[in-house]
Each structure stands twice: as C-alpha cells, then as structure tokens.
Amino acid sequence: MANRYERSQAIFERAKAVIPGGVNSPVRACRSVGTDPAFVAQGDGAAIVDADGNRYLDLIGSWGPLILGHTHPEILEAIKETMASGTTFGAPTEIEVRFAEALRDALPSMEMVRAVSSGTESTMSALRLARGFTGRAKIIKADGGYHGHADCLLVAAGSGAATLGIPGSAGVPEGAARDTIVVPYNDLPAVEQALAGGDVAAVIVEPVAGNMGLVVPAPGYLEGLRAACTKHGTVLIFDEVMTGFRVAWGGAQRLYGVTPDLTTIGKVIGGGLPAAAFGGRADIMQKLAPLGSVYQAGTLSGNPLAMAAGLKTMEILARPGTYERLEHLGTKLGEGLFAAAQAAGVPACLNRVGSMLTLFFCAGPVTDYATAKTADTARFGTFYRRMRERGVFLPPSQFEAMFVSLAHTDEDVQQILEAARGALAD
Ligand code: KE4
C-alpha cells in the first residue's frame, strides 16, 4: 500500500535536522499519541490537506484561533486590504485603537487594553502588572492550568494542596518558581488557604480550563475566587486566551457573570495572525509604562495585519445566531462522541462548553488535573491514530480540547461521528 505520509515523513526528516523535534511548538510533534506529525499544506474551511494530499476534518483549529475555519474569504480580504498600506510601522496606528475599543465593548471589564503578540506575553505581562500594582510577590495558579511558558508559570505542584511551586521545566531557577503557589482546580478552600498566607499579588485561572483537557468550573468556584480576591486585595486574572470569544461573545466572564480585575485574551482575537492582549481595571492598567512604573513592550504589538484579522473576526462573530450555531455543533459532536464510546463499551466521559470539548478515556467525572490524569492516554493515542486514518484531525493529546468552527456543517459532524464509531470499534 502506498505510504500515505511519504511527503510528510520526508519533510519531517529535514525538519528534525534544523528545528528541535522538527516542530516550532512541542505538542505538534505528536509524541504523546505515538506517531509522527502530518505536515499541513492547505487549509480549506473546516478541513485541512496535508503534504501528501490527505484531507482531514479539522478539530484543532490551530488550538482555538480558527473559530471561523480556515481561509475565510472575509478574513483574507481584510488582511489583503490592510497589507496594501504596509505591514508594520513601529508607530501607533488608528486600527490599534479600534481593536482596543472593540475588546472593551465586548468585555466591559477591560476598561483599558494593551495588545501583544502571544498568549504567553499577555499572561507574563499581566502578572508583572499585578505584582507592580500590589507590591506583592506571590501568585496562585491551578495545577494543570496552562498560561504560556513564562518562567513563573512553568511550575509544578509541590506536595500538598497549597504549597510553593517547584520548577516545572529545566532552566527555570528556584527563585522564579518559589513565589508561585499551585492549587488544585475547582478547590476553593486551597485558594483561600494560600491567600491567607498573605503577599499574594494575583490569582490566574482559566475560567474554563482547556489545558488539562476541558474542565468546567464547579458551581460557585469562579464567584468564590472573585470574593476571596476582593477580600485580600489580590488581583483576579481570568486567562481567556482560549475561552475569549470562544465560549460566548466576549468570553467566560460573560457566560458565568463573574468579573475579573484583569483579563488575558488571544487566539480568536488574532483571527489566525499573531495577536493577543491583556486589559482590565483602568487603575491597574495605568501602572503600565509609559504612564507608570511597570515596564512592558513589543516590537510587533498591535500589528496592523493582525488587528485587521482580529477586528474582522470579532465583527463576524457579532452577527446573530453565531453562538447558537456553535452550541448546536458542540452539542451534536459531544453527545455523538460520548454515545459512540458507550456503544463500543469504552469507559469515557465528555466535558464541553460551547464549541470546545474533550472526550476523556476514563469513566470520570473529570473535575481537575488529578482526575484528568486517570484517563487512559494509550487508548487516546490509538483513538487519535485511528481517527487520522479516517480523515479526522484531533488535537494530539488527551489533555487538550477539540474545537469546532462555524465552517463545520452538520454533515461534517456526522462524518466525524462515523469515523469515531469505526475508530472506537477497533
Ligand atoms: P501562546 O503563547 O501559545 O500564544 O498562548 C499561551 C496560552 C495562554 N493561556 C491559555 C489558556 C492557553 O491555552 C495558551 C496556549 N494554548 C496551547 C494549547 N493548549 C497552545 C498550543 C501550543 O502550545 O502549541
């Protein structure tokens, strides 16, 4: 049988000679699902085509940004139009103001906004700002929460519930980790215990967790974080890099009705180009250079092309029926995947909010990282490989979320479910 990955494999060999692991972001190497990556050649709405011409229905969506699907004509047009005037200036442009105004209109808690070029930059900057505003050193994050790769965030949970972090990566010095307290997600008493220790500048949390697989906030959890942070004068940061404009117009703060002090946001708002942002209470944001004493900067921050793609994306998402459609697709896919696992007698549980979802290969419930880790990752790897053979591109990790886009049709969902029934029967 012809090797369906011949070209991808040849490119991968070249890639490994010049890029560590052959990829520019580790998860893309597919190491946790026991196969090599397919190199993508073309996006096309809900689908992608790899270097060997194999076509897949895409449930990665570039890890969230492509809520409109690939090669959306209005997005490409907006970029082309903007490009005609230039690509970057290193000087302020009006489109950056429109972008900040659009974010503030959609998320009123973002009274002021600073644009950056990645989610990591947004969270790293927001944490420095919270520390500068409060004069405090400690930060609290959830075990299994991912907020990008700034040193103070690459911290593993120490032993016990609310203990000081230990480096979660080589190269992170003890000093960069020791002020980070790691607590279990959905565990409010652990946060209150950590806050009671004093000197906490910020709590940073994914209001819907997407980086341990999808985990939903327990009833009252977000409200509890809000009250506890207010009581201790600690800055509450909602990391909406993944949930912003994904789970609702605006984000999870609108869905759950809880207002953070700062929000970090990215992915969807870049429209497929590198753009992210952080923002929130004006009294905090005004501490930022050039107004205040907290330094933060970026050569391509507010890049006009990314602003154009992001603004057009937000404009399209604001149209009537958008989130109802995403909810419909997410429901169909989630219910169908769970039913397919049940029919195959495979222990599984399905967590979903809107168009982001995860099928965990364990009976569940999955409510935090400890329970997520009980999932059968070997079985997930087999499922991933079987689905790719059947033309469906899943995120290559049990601890990631699938994303459905507005480009997916009901027929696409049925095709995915057909593939899942086959893959699970194997
Ligand atoms: P980036 O620096 O990768 O743009 O954003 C970091 C980040 C921050 N906050 C949240 C909630 C995020 O999900 C992310 C990035 N998410 C991962 C996917 N789980 C990006 C994929 C990758 O690392 O290649």
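Quick caveat, the model's predicted, so the values are computed rather than measured.

**Let's talk about the nonpolar core**
Among soluble globular proteins, nonpolar side chains are generally buried collectively.
In step 1: Ranked by size, the top nonpolar core spans 31 residues in total, and within it Ile-140, Tyr-185 and Leu-225 carry the most contacts.
In step 2: Contributions of two or more residues to this core are made by strand S5 (138-142), strand S9 (180-183), helix H6 (188-196), strand S10 (200-205), helix H7 (221-232) and strand S11 (235-240).
In step 3: Here this core spans two domains, and each of domain 1 (6-71 + 320-425) and domain 2 (73-317) adds at least three residues to it.
In step 4: Discounting chain neighbours no more than four positions away, the residues touching Leu-225 are Leu-188, Val-191, Val-205 and Leu-236.
In step 5: Core analysis: the second largest hydrophobic core is formed by 30 residues, Val-346, Leu-394, Val-413 and Ala-420 among them.

**Points about the site of the ligand**
In step 1: Taken together, 16 residues lie around the ligand, and Ser-25, Thr-120, Asn-211, Asp-239 and Glu-400 are the ones closest in.
In step 2: Taking Lys-267, its side chain carries an N or O atom lying 3.1 Å from a nitrogen atom of the ligand.
In step 3: When the free accessible area of the ligand is taken as 540 Å², the share hidden by the protein chains comes to 85%.
In step 4: Classifying every residue of the shell around the ligand by side-chain character gives five nonpolar, seven polar and four charged.
In step 5: In this structure, the shell around the ligand is formed jointly by two domains, domain 1 (6-71 + 320-425) and domain 2 (73-317), each of which donates at least three residues.

**With respect to the pairing of strand S1 (residues 40-44)**
In step 1: With four bridges joining them, S1 and strand S2 (residues 47-50) adopt antiparallel strand pairing. Across the sheet, Gly-43 pairs through a bridge with Ile-48, a residue of S2.
In step 2: Here S1 folds back onto S2, and the loop between the two strands holds two residues, one of which, Gly-45, carries a positive phi near 65°.

**Description of the sheet that holds strand S16 (residues 392-393)**
In step 1: Strands sit in the order S1-S2-S3-S16 across an open sheet of four strands; the sheet is mixed. Pairing within the sheet leaves two strands with one partner each, and these edge strands are S1 and S16.

**As for the state of the cysteines**
In step 1: In the structure shown here, the tally under the stated rule is zero disulfides.
In step 2: Free cysteine Cys-362: the closest other cysteine sulfur is in Cys-349, separated by 4.3 Å.
In step 3: Cys-362 gets classed as buried once you look at its relative accessible area, which sits at 6%.

**Focus on the packing of helix H13 (residues 377-389) against helix H14 (residues 410-425)**
In step 1: The contact between H13 and H14 brings their axes to 9 Å, and the two run at 130°. The angle between the axes of H13 and H14 places the two elements in the oblique class. Note on packing geometry: the crossing formed by H13 with H14 is right-handed. Note on element contacts: H14 touches H13 through Ile-416, Ala-419, Ala-420, Ala-423 and Leu-424, opposite Phe-383, Arg-386 and Met-387.

**So, the domain arrangement of the protein chain**
In step 1: Under the domain assignment used here, the protein chain contains domain 1 (6-71 + 320-425) and domain 2 (73-317).
In step 2: Placing the centre of domain 1 and that of domain 2 at their C-alpha centroids yields a distance of 25 Å.
In step 3: Around 2,400 Å² of area is buried between domain 1 and domain 2 when both sides are counted, 66% of it from carbon and sulfur atoms.
In step 4: Per-residue buried area on domain 1 facing domain 2 is highest for Tyr-323, Val-353 and Met-356; these three make up 27% of the total on that side.
In step 5: Remark: the boundary between domain 1 and domain 2 carries zero salt bridges.
In step 6: For the pair domain 1 and domain 2, the number of links is 10 residue pairs in polar contact (both at pLDDT 80 or more).
In step 7: Among the secondary structure elements, those contributing two or more residues to the side of domain 1 that touches domain 2 are helix H11 (322-343), strand S14 (349-353), strand S15 (356-360) and helix H12 (369-372).
In step 8: Take the side of domain 1 that touches domain 2: its biggest share by element is four residues, from S15.

The rules we used
- Residues numbered from 1 in each chain as written.
- Predicted model: local features only at pLDDT ≥ 70, side-chain atom pairs only at ≥ 80, totals over all residues.
- Heavy atoms only, no water.
- Core = buried A, V, L, I, M, F, W, Y, C linked by side-chain atoms within 4.5 Å.
- Buried < 20%, exposed > 50% of the residue type's maximum accessible area, 1.4 Å probe, protein only.
- Helix = DSSP H or I, 4+ residues; strand = E, 2+ residues; numbered from the N terminus.
- Domains from an automatic or database assignment.
- Contact = heavy atoms within 4.5 Å.
- Near = heavy atom within 4 Å.
- Polar contact = N/O pair within 3.5 Å; in protein donor to acceptor, adjacent residues only side chain to side chain.
- Areas by Shrake-Rupley, 256 points an atom, 1.4 Å probe, with all protein chains shown as cover.
- Nonpolar A, V, L, I, M, F, W, Y, C, P; charged D, E, K, R; others polar.
- Pairing = 2+ DSSP bridges.
- Disulfide = S-S within 2.5 Å.
- Axes fitted to C-alpha atoms, helices over the stretch in contact; angles between N-to-C directions.
- Parallel < 35°, antiparallel > 145°, perpendicular 65-115°, else oblique.
- Left-handed = near helix turned anticlockwise from the far one by under 90°.
- Buried area = accessible area lost by both parts, 1.4 Å probe.
- Salt bridge = Lys/Arg side-chain N within 4 Å of Asp/Glu carboxyl O.

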